[in-house]
Amino acid sequence: MSCTAVQNLISQYIDGRLSGAEADVVREHVQECDDCAQDFKDSQFLSRLLKENLEFPEPPKDLPRSVIRTVERTKPEK
Amino acid sequence: MPFKKRRKKQTALPEPVEQRPIFQDPQNFSLVVEKYQSLVFRYVYNMVHDYHHAEDLTQEVFSKVYRSLTSYNPKYPFSAWLLRIAHNHAVDYTRQRRLQTISFDAVANKDGVAEGHIAFQAPASVNPDEASQKRFIQEAVYRLPVDHRSVIVLRYLDGVKLEEIAYILGIPMGTVKSRINRARQVLQQALARAYPERRRR
């Protein structure tokens, strides 16, 4: 498999979305190819950054009350 | 496209009970709001990157949901239906507010990788400390075009499945995968520019 093809599969590999055979091909290629190994490390780093650092704040505590005040003024579509 | 029903979470409201007429009573609908407000708010927040706007938009999303309860199709998870409404509402908002960045495709180079619209500055510190990395990645994701930002945010939001992302965004699975790959490529390049030292280690 070419480096381009492997690099296109790396993010799916990291997400665990590849079949066993495809995952084996990526793993073997990365062990033998320095460029793809670097790409693999970079992708792992990015994936960790996204998992750990994307901000998912909680909504304000009175949000349900505000929503209900709004919906009380409306009626569901028939 | 139908997909398998999600495993029920530990909750008092099994899906798709939310469509029952009882929830058209505003007081009962508050149970639906309480259950899903966090999911909707966190998605919308990452689309508009402003806490107060996210609060307003979340209220509007639930108003829309309330008015459309009878049109919910239970072959899709209720959470995915909610996120679909939230996504469309957030996109409308960003268009109105002109927050959307230039179309990804309009600036994509011959390799299909966007250039120019992510003008990152490397943090003052050469070593990527945790705080600067956190700021960097949040800013980088926010600067992605809406269609790529949405797939990245959904991918990391409570582990939304790819099939659900396709339904929420109204695009084929193949497009979801290619958008995730391209968004990651853009983020990867921005990361390499912002932290060149990290790559050499």
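Here, every reference points to the structure presented above.
My aim in this report is to walk through the structure given alongside it, one point at a time. Not measured: the values here are computed from a predicted model. Residue numbers run consecutively from 1 along every chain, following the written order of its sequence. Think of it this way: whatever chain is written first is A, whatever ligand is written first is 1, and the rest follow in order. The predicted origin of the model limits local features to residues at a pLDDT of at least 70 and limits the giving and counting of side-chain atom pairs to 80 or more, whereas totals for whole chains, interfaces and linings rest on all residues. The side-chain figures draw on all heavy atoms in the structure; neither hydrogens nor water molecules are used.

## Structural notes on the nonpolar core
And then number 1: In these notes, a set of buried Ala, Val, Leu, Ile, Met, Phe, Trp, Tyr and Cys residues joined through side-chain atoms within 4.5 Å is what counts as a nonpolar core. Each residue's exposure class comes from its accessible area (1.4 Å probe, protein chains only) as a fraction of the maximum for that residue type: buried when under 20%, exposed when over 50%, partly exposed otherwise. In this structure, A:L50, B:F29, B:Y43, B:V65 and B:F78 are the most contacted members of the largest nonpolar core, which totals 69 residues.
And then number 2: Counting from the N terminus, the helices are DSSP H or I runs at least four residues long and the strands are E runs at least two residues long. By residue number, the principal contributor to this core is helix α1 (residues 26-48) of chain B, which donates 12 residues.
And then number 3: Boundaries between domains were set according to an automatic or database domain assignment. Each of domain 1 (17-100) and domain 2 (102-201) of chain B contributes no fewer than three residues to this core.
And then number 4: Counting residues in each nonpolar core, the second largest holds 11 residues, with A:L9, A:A23, A:C33 and A:C36 among its members.

## A few points about the side chain of B:R42
And then number 1: Position of B:R42 relative to the elements: it lies in helix α1.
And then number 2: When near neighbours in sequence (up to four residues on either side) are disregarded, B:R42 contacts A:F56, A:P57, A:E58, B:L157 and B:D158. Contacts: residue pairs with any heavy atoms within 4.5 Å of one another.

## Focus: the packing of aromatic side chains
Residues and elements named next belong to chain B.
And then number 1: Two aromatic rings from Phe, Tyr or Trp, using only the six-membered ring of Trp, form a pair when their centres are within 6.5 Å; if the ring planes differ by under 30 degrees the pair is stacked, by over 60 it is edge-to-face, and anything between is tilted. Tallying each qualifying case throughout the model produces 9 aromatic pairs over all chains.
And then number 2: Ring geometry for F29 against F62: centres 6.4 Å apart, planes inclined by 70°, an arrangement best described as edge-to-face. On the criterion of sequence distance, the pair formed by F29 in helix α1 and F62 in helix α2 (residues 51-68) is long-range, its members being 33 residues apart.
And then number 3: A relative accessible area of 0% places F62 in the buried class.
And then number 4: Ring geometry for Y36 versus F78: centroids 5.2 Å apart, planes at 50°, classification tilted. Of the two residues, Y36 sits in helix α1 while F78 sits in helix α3 (residues 78-96), which places them 42 residues apart along the sequence. Here the two residues Y36 and F78 agree in accessibility, since each one is buried.
And then number 5: What links up through ring pairs into an aromatic cluster is the set Y36, Y72, F78 and W81.

## Some remarks on the packing of helix α3 (residues 34-53) of chain A against helix α5 (residues 130-142) of chain B
Between two packed helices, what matters for the description is the angle formed by their axes and the separation of those axes.
And then number 1: Where helices are involved, their axes are fitted lines through C-alpha atoms of the stretch in contact, as for all axes, and angles between N-to-C directions lie from 0 to 180°. For the pair α3(A) and α5(B), interaxial distance at closest approach is 10 Å and the crossing angle is 95°. By the angle class used here, α3(A) and α5(B) are roughly perpendicular. Only B:Q133, B:K134, B:I137, B:Q138 and B:V141 of α5(B) make contact with α3(A), whose side of the interface consists of A:F45, A:L46, A:L49, A:L50, A:E52 and A:N53.
And then number 2: Residues belonging to the contact of α3(A) with α5(B) are distributed by class as follows: 6 nonpolar, 3 polar and 2 charged. Any angle from 65 to 115 degrees is called roughly perpendicular, while one under 35 is roughly parallel, one over 145 is roughly antiparallel, and all others are oblique. Think of it as three bins: nonpolar holds Ala, Val, Leu, Ile, Met, Phe, Trp, Tyr, Cys and Pro, charged holds Asp, Glu, Lys and Arg, and polar takes everything else, Gly as well.

## Some points on helix α1 (residues 3-14) of chain A
And then number 1: Any helix carries an expected span of 1.5 Å times its number of residues minus one. The end-to-end C-alpha distance of α1(A) is 16 Å, a good match for the 16 Å that 12 residues give at a rise of 1.5 Å each.
And then number 2: Against the buried residues of α1(A) lie α2 (20-32) and α3 of chain A together with α8 (173-194) of chain B.
And then number 3: At the C-terminal side of α1(A), A:G16 shows a positive phi close to 70°.

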